[in-house]
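# Overview (structure and organization)
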Amino acid sequence: VLMNTKSETSDLKWTIFSQDKSEVFGRCSTEEPENTCSPPGINVDFIMTSYWEEVSGLDEENNSVRTFQICQIESSSSQWLRSGFIQRRSASQVYVELRFTMMECSSRSTHHRSCKETFNLYYYQADSNEATATYPPWMENPYTKVDTVAADFLLRKGGERKFNVKTLRLGPLTKRGFYLAFQSQGACMALLSVRGSCVEHAALQGPRPRPPKLFCGEDGQWVGQPTTSCACLPGYEPAEMQTR
């Protein structure tokens with residue numbers, strides 16, 4: 001595993017960029033039982049804002065976790081969130097698992113025409129930790145767009161509160177590392193965890209590897225090896241799009 005925000009207990013300190021200089025704040029109500037501001041499985045007291053904000057809470061196993069929240073109340077301006085620098089090691093492709101919740105537009109008390117129920121995932125490759133608050137420019141190209149991510153389950157007033165799990169593929173990766181970037185343009189959502197793993201025929205190097213895991217792709221097929229690392233297994237070598 002290259003990264004796993006669920007295992008982090010201290011501040012992630014990811015970079016946040018807002019193209020809207022007039023932030024609008026909306027406090028979640030804890031008095032109404034149908035309140036859908038808090039993401040399912042995460043117990044946290046926070047203020048939903050029109051830009052990305054890092055908060056601390058407890059997951060379904062009562063473990064402390066770091067999450068990011070955003071709720072664009074009256075604006076669909078571009079709001080960006082960028083991870084720290086992630087070493088790719090020998091991986092030429094990476095599978096990224098996202099766990100998130102998304103509020104249904106019609107359930108929002110301040111519904112507006114530009115409300116969205118999707119967000120965009122990008123990545124940016126680099127040979128060193130070179131990104132700053134203004135570089136690279138916050139736009140597609142230099143960032144590479146992976147996909148527009150839609151929720152299978154939406155939070156509705158009085159409805160079941162479920163989180164979404166999406167696995168997306170990044171690559172080919174050619175530089176020493178990369179950043180992940182998330183763009184919201186009118187969404188009200190919580191990014192619960194982000195995890196990156198390597199492609200098949202690669203294995204974790206180290207004296208204490210974690211238990212094997214498999215990932216299910218968007219096409220319903222298993223992807224990756226039941227391992228948690230990014231060094232080629234014996235008999236394989238890095239290829240342009242995978243190992244061989």
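Here, every reference points to the structure presented above.
Residues numbered from 1 in each chain as written. Predicted model: local features only at pLDDT ≥ 70, side-chain atom pairs only at ≥ 80, totals over all residues. Heavy atoms only, no water.

## Structural notes on the state of the cysteines
Per the counting criterion, the structure on display carries 2 disulfides. Across the disulfide from C71 sits C188; the S-S distance is 2.1 Å. On the sign convention where negative is left-handed, the bridge of C71 and C188, at about -100° about the S-S bond, is left-handed. Within this pair, whereas C71 is found in strand β6 (residues 64-71), its partner C188 is found in strand β14 (residues 188-198), the two being separated by 117 residues in sequence. Given a relative accessible area of 10%, C71 falls into the buried group. Judged by relative accessible area, C188 falls into the buried class, the value being 2%. Covalent S-S linkage joins C105 and C115, the inter-sulfur distance amounting to 2.0 Å. Where C105 bonds to C115 through sulfur, the torsion about that S-S bond is close to -90°, and the disulfide is left-handed. Here the residue C105 occupies a position in the loop between β9 (94-102) and β10 (118-126), and C115 occupies one in the loop between β9 and β10, the gap between them amounting to 10 residues. Each member of the pair, C105 as well as C115, carries the same accessibility label: buried. (Disulfide = S-S within 2.5 Å. Helix = DSSP H or I, 4+ residues; strand = E, 2+ residues; numbered from the N terminus. Buried < 20%, exposed > 50% of the residue type's maximum accessible area, 1.4 Å probe, protein only.)

## Some words on the packing of aromatic side chains
In the structure shown here, the tally under the stated rule is 12 aromatic pairs. Note on W80 and W138: the rings are 5.8 Å apart at their centroids and 55° apart in plane angle, and the pair reads as tilted. On the criterion of sequence distance, the pair formed by W80 in strand β7 (residues 79-82) and W138 in the loop between β10 and β11 (144-150) is long-range, its members being 58 residues apart. Both residues of the pair, W80 and W138, belong to the buried class. By way of ring pairs, the aromatic residues F17, W80, F85, Y122, Y124, W138, Y143 and Y179 are connected into one cluster. (Phe/Tyr/Trp six-rings, centres within 6.5 Å; stacked < 30°, edge-to-face > 60°.)

## Describing the nonpolar core
Where a protein is soluble and globular, its nonpolar side chains tend to be buried together. Counting 32 residues, the largest nonpolar core has W14, L98, F100, L180, F182, L191 and V194 as its most contacted members. Contributions of two or more residues to this core are made by β6, β9, β10, β12 (164-170), β13 (177-184) and β14. Of all the elements, β9 adds the most residues to this core, at 5 residues. When neighbours within four sequence positions are excluded, F100 is seen to be in contact with F119, V149, A150, A151, F163, N164, K166, M189, A190, L191 and L192. Counting residues in each nonpolar core, the second largest holds 9 residues, with W80, A126, A131 and Y179 among its members. (Core = buried A, V, L, I, M, F, W, Y, C linked by side-chain atoms within 4.5 Å. Contact = heavy atoms within 4.5 Å.)

Distances and angles like these do not, on their own, reveal function.
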